[in-house]
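This is what each chain is made of:
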Amino acid sequence: MYFLSKELYFPPVSEASIDGVLAVGGDLSSERLLLAYRSGIFPWFEEEEPILWWSPPERMVVDPQLYKISKSLRNILNRNLFKVTFNQEFSTIIKSCQLSPRKDQNGTWITEAMVEAYLQLHEKGHAKSVEVWQNGEIVGGLYGIDLGKVFCGESMFSTVSNASKVAFVSLIQKLKEENYHLLDCQLHNNHLEKLGAFEISRNSYMKILKNSLSS
């Protein structure tokens, strides 16, 4: 494991441990975070822990150009139960994700320092959100980092059934319209798999990321 200094640097992702931990330490400055995402790396740690930087051997992703909405989700969209907006209430979304209870987790990995760091990224145009509304209130949404042709999803939440699914699918539709190459969902979980995400190797992810950043 590599221990970061004040220098703005990350080691090659090939040096990550078997479970994907690449480095520890550093800071959550906008410059370092953007370098991380553009290098195929993301931060993930809990309160009171040092900052951990990850590049897992398998990456959970969605190809927006090939994605097919399930019949059940399409029925939900067609019923117009929700209104969807983009990048209108970023602060509300990230703080709602922070407070949302997670199965099998004690607390949240979205620390106060993380919230502040991503709010700064949002102000600079790099962090964006999807908001799902019902009866004039936000009932779900997600946020992530926009790299141009790759969107790195960070977290999502819902207070009403299906709201996060609507946020997820609405984002994919938007990415497809804007010719994005990939939605990065980072780590595998069953919920993402049911929504249609799948795993690819780190090497495959890095090739797509590199080509996307150079296009």
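All chains use their own residue numbering, which begins from 1 and follows the written sequence. It should be noted that, the model being predicted, local features are given only for residues of pLDDT at least 70 and side-chain atom pairs only at 80 or more, the latter also being counted only at that level, while totals for whole chains, interfaces and linings use all residues. The side-chain quantities take in all heavy atoms of the structure and omit both hydrogens and water.

## Digging into the sheet that holds strand β9 (residues 150–158)
Paired strands, as defined in this entry, are two strands with at least two bridges between them according to DSSP. Secondary structure is summarised from DSSP: a helix means a run of H or I of at least four residues, a strand means a run of E of at least two, and numbering begins at the N terminus for each. Here seven strands make up an open sheet; going across it, the order is β6-β7-β8-β9-β10-β5-β11 and the pairing mixed. Looking at the sheet topology across the chains shown, the edges are occupied by β6 (83–86) and β11 (198–201). Strand-to-strand twist across the sheet, computed as the mean angle between neighbouring axes with direction ignored, equals 35°. Sheet analysis places strand β5 (residues 58–62) next to β11, joined by four bridges and oriented antiparallel. Considered in β11, the bridge of glutamate 58 is made with serine 201. Any two residues whose heavy atoms approach within 4.5 Å at even a single point are treated as in contact. Only the stretch in contact is used when a helix axis is fitted, and all axes are lines through C-alpha atoms; the angle between N-to-C directions ranges over 0 to 180 degrees. Its contacts with the sheet place helix α3 (residues 90–99) against β7 (127–134), β8 (137–146) and β9, and it is angled at close to 95° to β8.

## Some points on the pairing of strand β10 (residues 182–186)
Relative accessibility decides the category of a residue: with a 1.4 Å probe and only protein chains considered, values under 20% of the type maximum give buried, values over 50% give exposed, and everything between is partly exposed. Counting buried residues along β10, five of its five residues qualify, which places the element largely inside the surrounding structure. Burial along β10 is two-sided: Leu182, Asp184 and Gln186 and Leu183 and Cys185, pointing in opposite directions, are all buried. In the sheet, β5 pairs with β10 via three bridges, with the strands oriented antiparallel. Bridge pairing links valine 62 to leucine 183 in β10.

## A closer look at the nonpolar core
By nonpolar core is meant a set of buried Ala, Val, Leu, Ile, Met, Phe, Trp, Tyr and Cys residues that side-chain atoms within 4.5 Å join together. In terms of nonpolar packing, the biggest core is built from 45 residues, with Trp53, Tyr118 and Tyr143 touching the most fellow members. Going through the elements one at a time, β2 (21–25), α1 (30–38), β4 (52–54), α3, α4 (112–123), β8, β9 and α7 (202–214) are the ones with two or more residues in this core. It is α4 that provides the largest number of residues to this core, a total of six residues. Ranked by size, the runner-up nonpolar core spans 27 residues in total, among them Leu73, Val166, Ala167 and Ala197.

## Thoughts on the packing of aromatic side chains
For any pair of aromatic rings, the description rests on two quantities: the centre-to-centre distance and the angle between the ring planes. Working definition: a ring pair exists when centres of Phe, Tyr or Trp rings (six-membered ring for Trp) sit within 6.5 Å. Plane angles under 30 degrees give stacked, over 60 give edge-to-face, the rest tilted. For the coordinates displayed, the defined rule picks out five aromatic pairs. Each ring, one from phenylalanine 90 and one from tyrosine 143, has its centre 5.8 Å from the other, and the planes form 80°; the classification is edge-to-face. With phenylalanine 90 in helix α3 and tyrosine 143 in strand β8, this pair connects stretches of sequence that are 53 residues apart. Tyrosine 143 sits in the buried class, given a relative accessible area of 1%. When the ring centre of phenylalanine 86 is taken as origin, the NZ or CZ atom of lysine 174, which lies over that ring, is 4.9 Å away. Geometrically, a lysine NZ or arginine CZ counts as sitting over a ring once it is within 6 Å of the ring centre and also within 35 degrees of the ring normal.

## Side note on α4
Each full turn of the α-helix corresponds to 3.6 residues, which orients residues three or four apart in the same direction. Here α4 spans 17 Å end to end across 12 residues, near enough to the 16 Å set by a 1.5 Å rise per residue. All buried positions along α4 are accounted for by Met114, Val115, Ala117, Tyr118, Leu119 and Leu121. Glycine 125 occupies a position one or two residues after α4 and carries a positive phi of about 90°. Here a helix's expected span is defined as the number of its residues, less one, multiplied by 1.5 Å.

## Looking at α3
Within α3 the residues assigned to the buried category are Phe90, Ile93, Ile94, Cys97 and Gln98. In a view along the axis of α3, the buried residues occupy a sector of 135°, so they form one face of it. Packing partners of the buried residues in α3 comprise α4, β7, β8 and β9. Throughout, the arc means the angular range of directions from the helix axis out to the C-beta atoms.

## Here we look at the packing of α3 against α4
Direction vectors running N to C along α3 and α4 enclose 155°, while the axes themselves pass 10 Å from each other. Relative to α4, the element α3 is oriented roughly antiparallel. The two elements α3 and α4 cross, and the hand of that crossing is right-handed. Along its contact with α3, which presents Phe90, Ser91, Ile94, Lys95 and Gln98, the element α4 presents Glu112, Met114, Val115, Tyr118, Leu119 and His122. We call two directions roughly parallel when the angle between them is under 35 degrees, roughly antiparallel when it is over 145, roughly perpendicular when it lies between 65 and 115, and oblique otherwise. Should the near helix be turned counterclockwise from the far one by less than a right angle, the crossing is left-handed, whereas a clockwise turn marks it as right-handed.

All we've got here are geometric facts, nothing functional implied.
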